[in-house]
Number of protein chains: 4
Amino acid sequence: MLTARSIAREDKRRRLLEAAVRVFARAGYHGSRVGDIAEEAGVAHGLLYHYFSSKEEVLRTIFRENWGELLERFRAVEGSDEPADEKLEGIAKILLRTWRNDPDLVTVMVREVARSRHLQEEVGAVREAFAIVQRIVEQGQEEGLFRSELDPRLASWLVYGGLEEILTGWVLGQLPDEGEAVARAEQTAIQLALGGLRAD
Amino acid sequence: MLTARSIAREDKRRRLLEAAVRVFARAGYHGSRVGDIAEEAGVAHGLLYHYFSSKEEVLRTIFRENWGELLERFRAVEGSDEPADEKLEGIAKILLRTWRNDPDLVTVMVREVARSRHLQEEVGAVREAFAIVQRIVEQGQEEGLFRSELDPRLASWLVYGGLEEILTGWVLGQLPDEGEAVARAEQTAIQLALGGLRAD
Amino acid sequence: MLTARSIAREDKRRRLLEAAVRVFARAGYHGSRVGDIAEEAGVAHGLLYHYFSSKEEVLRTIFRENWGELLERFRAVEGSDEPADEKLEGIAKILLRTWRNDPDLVTVMVREVARSRHLQEEVGAVREAFAIVQRIVEQGQEEGLFRSELDPRLASWLVYGGLEEILTGWVLGQLPDEGEAVARAEQTAIQLALGGLRAD
Amino acid sequence: MLTARSIAREDKRRRLLEAAVRVFARAGYHGSRVGDIAEEAGVAHGLLYHYFSSKEEVLRTIFRENWGELLERFRAVEGSDEPADEKLEGIAKILLRTWRNDPDLVTVMVREVARSRHLQEEVGAVREAFAIVQRIVEQGQEEGLFRSELDPRLASWLVYGGLEEILTGWVLGQLPDEGEAVARAEQTAIQLALGGLRAD
DNA sequence: GATGAATGAGATTTCATTCAT
DNA sequence: AATGAATGAAATCTCATTCAT
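The rules behind these values
- Note that residues are indexed from 1 along each chain, following the sequence as it is written.
- As a convention, the first chain written is A and the first ligand written is 1, with the rest following in written order.
- Two thresholds apply to this predicted model, a pLDDT of at least 70 for residue-level local features and 80 or more for giving and counting side-chain atom pairs, whereas whole-chain, interface and lining totals are computed over all residues.
- Excluding hydrogens and water, the side-chain figures rest on all heavy atoms present in the structure.
- Superposing the copies works by least squares over the C-alpha atoms of residues that have pLDDT at least 70 in both of them.
- In what follows, residue pairs with any heavy atoms lying within 4.5 Å of each other are defined as contacts.
- Note on terminology: near, applied to a residue and a molecule or strand, indicates that one of the residue's heavy atoms is within 4 Å of it.
- Whenever a nitrogen or oxygen atom comes within 3.5 Å of another N or O atom, the pair is scored as a polar contact, on the condition that within protein one atom can donate a hydrogen and the other can accept it, and that pairs from neighbouring residues in sequence are kept only if both atoms are in side chains.
- Secondary structure elements are defined from DSSP: runs of H or I of at least 4 residues count as helices, runs of E of at least 2 residues count as strands, and each element is numbered from the N terminus.
- In the scheme used here, Gly and all other residues not listed as nonpolar or charged are polar, with Ala, Val, Leu, Ile, Met, Phe, Trp, Tyr, Cys and Pro taken as nonpolar and Asp, Glu, Lys and Arg as charged.
- Note on exposure labels: buried denotes an accessible area under 20% of the residue type's maximum, exposed denotes more than 50%, and partly exposed covers the range between, all computed with a 1.4 Å probe on protein chains only.
- The domain boundaries here were taken from an automatic or database domain assignment.
- What counts as a salt bridge is simple: a side-chain nitrogen of Lys or Arg found within 4 Å of a carboxyl oxygen of Asp or Glu.
- To pair, rings of Phe, Tyr and Trp, with the six-membered ring standing in for Trp, must have centres within 6.5 Å; the planes then decide the type, stacked if under 30 degrees apart, edge-to-face if over 60, and tilted in the middle.
- Whether a charge lies above a ring is judged from NZ of Lys or CZ of Arg, which has to be within 6 Å of the ring centre and within 35 degrees of the ring normal.
- Two parts placed together each lose some accessible area; with a 1.4 Å probe, that loss summed over both constitutes the buried area.
- Computed over the protein atoms alone on a 1 Å grid, cavities are sets of points where a 1.4 Å probe fits but cannot get out and pockets are open sets with protein on both sides within 12 Å along at least five of seven lines; a residue lines them when it has an atom within 4 Å of a point.
- Grid points are joined across faces, edges and corners, and a volume is the space filled by probe spheres set on the points.
- Axis definition: a line fit to C-alpha positions, over the contact stretch in the case of helices; interaxial angles, taken between N-to-C directions, run 0 to 180 degrees.
- Orientation is classified from the angle alone, with under 35 degrees giving roughly parallel, over 145 giving roughly antiparallel, 65 to 115 giving roughly perpendicular, and any other angle giving oblique.
- Left-handed is the label given to a crossing in which the near helix is rotated counterclockwise from the far helix by less than a right angle, and right-handed is the label when the rotation is clockwise.

Here the focus is the relation of the copies chain C and chain D. Mapping chain C onto chain D calls for a screw motion: a turn of 180 degrees about the axis and a shift of 0.0 Å along it, with 0.1 Å RMSD after fitting. Overall, the copies show the geometry of a two-fold rotation axis. By C-alpha distance to the rotation axis, the residue of chain C lying nearest is Gly196 of chain C, at 1.8 Å. The fraction of interface residues of chain C whose copies in chain D are also interface residues reaches 100%, indicating that both copies meet through the same surface.

So, in C-alpha cells, the structure goes:
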C-alpha cells in the first residue's frame, strides 16, 4: 500500500541513491565519505544506514538497479524480430546514449563498477549482457549475415569493449561528446563492428 | 656508475615494485597496505619511503615504467615499414601477449590504472598509445587499405577498447586464457578489427 | 482505577520489562539494543520511551521491582519468631530458589546489576538485604546460638557472597542445577554457614 | 635479546596495561574510551593497536597476566606440605591482600571481569582457582580435618564467593578497608570458613 | 640504508533518543 | 498510544606517513 509514509520512505532512499551517484562520479567511491552522500542528499548520515547496510551496499544497489534496467532494454532488443545487424545497432545505441542521459551514472559504472572488486558477486549480471551480444552474433552467423569463422564469444567481448571504451573516453573527457559527436561515435562504432562481423 | 651499493639500491627498489605489482594484483590498490608490499618484498615498511614518496607514487611508478616499455614497442611497430594492417596486427599481438608475460602486471594496469583517478596526470602517456593506433589507421586510409569514411580517432578507441576488454576478460577469469585460447583471441581481434576497417 | 485502558497500558509496560529481562539475560545490557527489547516485546521501539525514560531506566526498574519483592520476603523471614539459624536457612532458600523460578532474572541480577555502575544509586536497597542478614546474625549471637566474636557485618557479607556465588555458578553454567543439585546446594550452603557461625 | 628497543617496547606495553587498569577502574570498561587509556599512558591512541588487537584484548590481557600470577601463588600454597586448614588460610590471605596491593586491579577484576561476558573464554583459568580450593577441601576431608559430608565443589564456591564478596565490599566502598579492618576481615573469613568446614 | 615504534587524521558504523504522523 | 523514520554524537579501529635509533 502506498501510504504517505511509504512514499516518503521511497523518496529518501531514491534521493540517497541519486546523491551517491553524483558524489561517486565527482570524487570516486574511495574518495567519497558516507557523510558526503548524506549531505548531498540533505539528510543525516545515519539515515543512509536505515536504507543500506554499508557504503558498499549503496554502490551495489546503484549497479543492480541501473544495470537491471539496461539489461531489460538489451533483452527487448534481443527479443525483437529484427535481423542481427539491426539488433547490434540497437545495442550500441542503447549503450552509448546512456551517456547523454546520465553522465554521472555512466561515470560511476565505468570507473567504479565495471572492473571493480566491490561487485565481483554481480559479475553474473554483467555476463548476461555479454551473453546477449553473443547470441545476437550467433544469430547473425546463422542468418548468414556474419562471418561464421569468428568465435562469437570473443567477438561479443571485442564489440562490447569498443563501446565501453567510447564511454570511457567521454567519462575521462578525452573524446568530444556534444550531440553531433555522439551521433558520429554511434555511426563509427556500428560501421566498424558490423564491417568486422559481416560476411562478404 | 654501477657501484655495488647502487646495484643493491636498485635491487631493493625493484623488489618493492615487483612486490607491489603482486600485492596490488591480489588485493587491489585500496585493499593493499604499504606494510603488505614491504612484507611481500621482505623489507621493513619504512624503507618503502626511501624509494617512493607515497603509496600512490608506487602505483604511478609501476605504470610509468611499464607503460613506457609498452609504448616503446608500439613505436617500433609504428616506425616499421609494414603496411597498416600488419602494424595493427603487431599492436594487437604486443598488447594481448603481455597477459601471458605478466598477468599480475596486466591485472594492475587494467583494474587499478586504466580508469583510475590516481593517474590522471599520466593520461598523456596513455593518449600516446591511442595516437599511435590512430596514426596507423590514418596511414591505412591513405594507403587505401582502410575505409576513409571512418573517423580514425574513434576507430582507434574502438579497436583499443576491444583489445583491453579481452585482457579484462582474462583478468576477471571470465575468458579462457591457455595458449590456444590466447592465439584464438589474437586472431579474432585482428580479423574483427581489420574486417571492420578494411576498404572493400 | 483499573480501566481497560490502564490495564492495557500496564500490560505493555510489563511485556517490555519481561522482554528486557530475557534480552539482557541473553546478550547483556551493553550487548542489547533498545530495538531488541521492543522486538522481543512485539512493539515498536519508540514505544519503550513512553514507559521508560531510557534504556538504563529499564534496567533500574527491573532491579527495583524485583529486588523489592525479594526484600519483602527477606523481611518476612526476619520478622518471624524463629531462631536465627532457621531464619538464615530461610534466607538461603529464598535466594537460591529464585534461580529455578526465573533464571533470566537471576542472570540479569548477577551479571548486570550486582556490581554494576548503572545502579549505584540503588545501592541502599542492596545494603538493606545485607543489613537483614546482619541483624539475623546479631540475633543469633544474642541468643547464644552464634559465636559472638565474629563481626556480624563481615559475616553477613561472607554468607551472602557464598550464596551469590552459587547463583553465579548456575548463571555461568558451571555448577549443576537440576532439582537434586539445587537441594544439595541449599543444604551445603546452610551447613557451611551455620557450621561457621555456630557457637560450640 | 634485550636491546634498548625491546626494553622500550615492553615498557610502553606495560604502561598501556597499567593505564588501562586505572582507567577501567575509574570509569568501567564500557565507560572508558581507547583514547582515555592512551592519554593516561601518555601515548597516541593508535599505539594501543600496535600492542593489542582491540580494547577487549586489553582487558583480556589484564586478566590473563594478573590472574596467572595469582594462580601461581595459589598453586604454591596447594603444593606446600601444610595441613588443609592452613592452606585455606593461605588462599584467603593471598586473595584478600590483593586489595591493598592494587585496588584498581581488584576493582577491574571484580567489576569488569569476574562475571563479564568479555572473558567467557578465560573461564577455564578461573575454574582452575576453584579447583585448587576444592582439592584443598578434599585434602582436609581425607585428613579428617573437614567434615566429609560436605560436597567439596560446592564448598569451594561458597568459600571463594565469600572472599570475593569482601573484595566487592571494598571495591564498592561499602566495607571499611584500613589495615586494621583488612586484618579483621581476614580473621573473620578464615574463622567462618574453617568453622563451617571443620569436623567436630 | 634499514627498522619498526609511534603518530593522529579520518572514516565507517552503531544506536539511544526524538518526534512527526 | 503507537510507529518507525530521522538524527547525530560517539567510538573503535585503520593505516599512510614520519622519524629516532
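You can overlay chain B on chain A at an RMSD of 0.1 Å; the transform is a turn of 180 degrees with a shift of 0.0 Å along its axis. When the interface residues of chain B are mapped onto chain A, 100% of them are again interface residues, pointing to one common binding face.

Attention now goes to the protein's contact with DNA strand E. In the vicinity of DNA strand E there are 34 residues, among which Tyr49 of chain A, Lys12 of chain B, Val34 of chain C together with Lys12 and Tyr51 of chain D approach most closely. For DNA strand E, the backbone makes up 67% of the atoms found within 4 Å of the protein, where backbone means sugar plus phosphate. At 3.1 Å from a base oxygen of DNA strand E is found a side-chain nitrogen or oxygen belonging to His45 of chain A. With respect to DNA strand E, the side chain of His50 of chain B contributes an N or O atom lying 3.3 Å from a base nitrogen. The element that contributes the greatest number of residues to the surface near DNA strand E is helix 3 (residues 45–51) of chain D, accounting for 5 residues. Of the residues in the surface near DNA strand E, the class split is 12 nonpolar, 12 polar and 10 charged.

This part is about the environment of Lys93 of chain A. All names here are of chain A. Along the chain, Lys93 turns up in helix 5 (residues 84–101). Residue Lys93 is classed as partly exposed on the basis of its relative accessible area of 24%. Counting along the chain gives 92 residues from Lys93 to Ala185, while the straight-line C-alpha distance between them is 9.7 Å. If sequence neighbours within four positions are ignored, Lys93 has contacts with Glu186 and Ile190.

It is worth spelling out the protein's contact with DNA strand F at this point. Neighbouring DNA strand F are 34 residues, the closest being Lys12 and Tyr51 of chain A, Arg9 and Lys12 of chain C together with Arg33 of chain D. Among the atoms of DNA strand F close to the protein, meaning within 4 Å, 68% are from sugar or phosphate groups. Lys12 of chain C is positioned such that a nitrogen or oxygen atom in its side chain is 2.4 Å from a phosphate oxygen of DNA strand F. Within the side chain of Tyr51 of chain C, a nitrogen or oxygen atom sits 3.0 Å from a phosphate oxygen of DNA strand F. Of all elements in the fold, only helix 1 (4–27) and helix 3 (45–51) of chain A, helix 1 (4–27) and helix 3 (48–51) of chain C together with helix 3 of chain D reach the threshold of two or more residues within the surface near DNA strand F.

Let's shift gears to the domain arrangement of chain A. All names here are of chain A. Per the domain assignment, the segments of chain A are domain 1 (1–52) and domain 2 (56–197). Distance between the C-alpha centres of domain 1 and domain 2: 28 Å. With its nearest N and O atoms 2.2 Å apart, the salt bridge here joins Glu65 to Arg13. On the surface where domain 1 and domain 2 come into contact, there are 4 residue pairs in polar contact (both at pLDDT 80 or more). Looking at the side of domain 1 that touches domain 2, the element that brings in the most residues is helix 1, giving 8 residues.

This part is about the packing of aromatic side chains. Taken as a whole and assessed by the stated rule, the structure comprises 20 aromatic pairs over all chains. Relative to Tyr160 of chain B, the ring of Phe130 of chain B has its centre 4.6 Å away and its plane inclined at 45 degrees; by these criteria the two rings are tilted. Of the two residues, Phe130 of chain B is situated in helix 7 (residues 123–142) and Tyr160 of chain B in helix 8 (residues 152–171); the sequence distance between them amounts to 30 residues. For Phe130 of chain B, a relative accessible area of 5% gives the class buried. Owing to a relative accessible area of 3%, Tyr160 of chain B belongs among the buried residues under this scheme. Three or more aromatic residues link up through ring pairs in this structure, and these residues are Phe130, Trp157 and Tyr160 of chain A. In this structure, Lys55 of chain B is placed above the aromatic ring of Tyr29 of chain B, and the distance from its NZ or CZ to the ring centre is 4.5 Å.

What follows is about the interface of chain C and chain D. Taken residue by residue, the interface counts 49 residues in chain C and 49 residues in chain D. At the junction of chain C with chain D, the criterion picks out 6 salt bridges. Of the charged contacts in the structure, one is a salt bridge between Asp151 of chain C and Arg184 of chain D, with a shortest N-O distance of 3.6 Å. For the pair chain C and chain D, the interface holds 21 residue pairs in polar contact (both at pLDDT 80 or more).

Here we take up the interface of chain B and chain A. If you look at the interface, chain B gives 49 residues, while chain A gives 49 residues. Together, Arg115, Arg117 and Trp157 of chain B form the three largest contributors to the area buried by chain B at its contact with chain A, with a combined 21%. Of all the secondary structure elements, the ones that give two or more residues to the side of chain B that touches chain A are helix 1 (4–27), helix 6 (103–113), helix 7, helix 8 and helix 9 (179–197) of chain B. Residues that form the side of chain B that touches chain A fall into these classes: 23 nonpolar, 13 polar and 13 charged.

The next point concerns the pattern of salt bridges. Under the definition given, this model contains 96 salt bridges over all chains. One salt bridge in this structure joins Glu122 of chain C and Arg60 of chain C, with 4.0 Å as the shortest N-O distance. A residue pair is termed long-range when its members are at least 10 positions apart, and Glu122 of chain C in the loop between helix 6 (103–113) and helix 7 (123–142) and Arg60 of chain C in helix 4 (residues 55–79) qualify at 62 residues. A relative accessible area of 10% places Glu122 of chain C in the buried class. As a salt-bridge pair, Glu78 of chain D and Arg135 of chain D come within 2.6 Å of each other at their nearest N and O atoms. Note that Glu78 of chain D is positioned in helix 4 (residues 55–79) and Arg135 of chain D in helix 7 (residues 123–142), a separation of 57 residues in sequence. Through salt bridges with shared partners, a single network forms among Glu56, Glu57, Arg60, Arg64, Glu121 and Glu122 of chain A.

Okay, empty space enclosed by the protein next. For the structure shown, the criterion picks out 5 cavities of 30 Å³ or more. Along its surface, the largest cavity is lined by 20 residues, and Leu158, Val159, Leu192 and Ala193 of chain C together with Leu192 of chain D are the ones closest to its centre. Looking at the lining of the largest cavity, the elements that each hand over two or more residues are helix 5 (84–101), helix 8 (152–171) and helix 9 (179–197) of chain C together with helix 8 (152–171) and helix 9 (179–197) of chain D. Looking at the lining of the largest cavity element by element, the count peaks at 5 residues for helix 9 of chain C. Taken together, the residues that form the lining of the largest cavity break down as 17 nonpolar, 2 polar and 1 charged. Empty space within the second largest cavity amounts to approximately 200 Å³.

For the rest of this paragraph, the subject is the packing of helix 8 of chain B against helix 9 of chain B. Residues and elements named next belong to chain B. Running from N to C, helix 8 and helix 9 cross one another at 165 degrees; their axes reach a closest spacing of 11 Å. It follows from the interaxial angle that helix 8 and helix 9 lie roughly antiparallel. Helix 8 and helix 9 meet at a crossing whose hand is right-handed. Judged by residue contacts, Ala155, Val159, Leu163, Ile166 and Trp170 of helix 8 engage Val182, Ala185, Ala189, Ala193 and Leu197 from helix 9. The class makeup of the residues in the contact of helix 8 with helix 9 is 10 nonpolar, no polar and no charged.

Glancing now at the layout of surface pockets. There is about 970 Å³ of room inside the largest pocket. Taken together, 46 residues make up the lining of the largest pocket; nearest its centre are Asn66, Trp67, Leu70, Leu105 and Met109 of chain A. Counting only elements with at least two residues in the lining of the largest pocket, the list comes to helix 1, helix 4 (55–79), helix 5, helix 6 (103–113), helix 7 (123–142) and helix 8 (152–171) of chain A together with helix 8 of chain B. Residue contributions to the lining of the largest pocket peak at 9 residues, all from helix 4 of chain A. Class assignment for the residues of the lining of the largest pocket results in 22 nonpolar, 8 polar and 16 charged.

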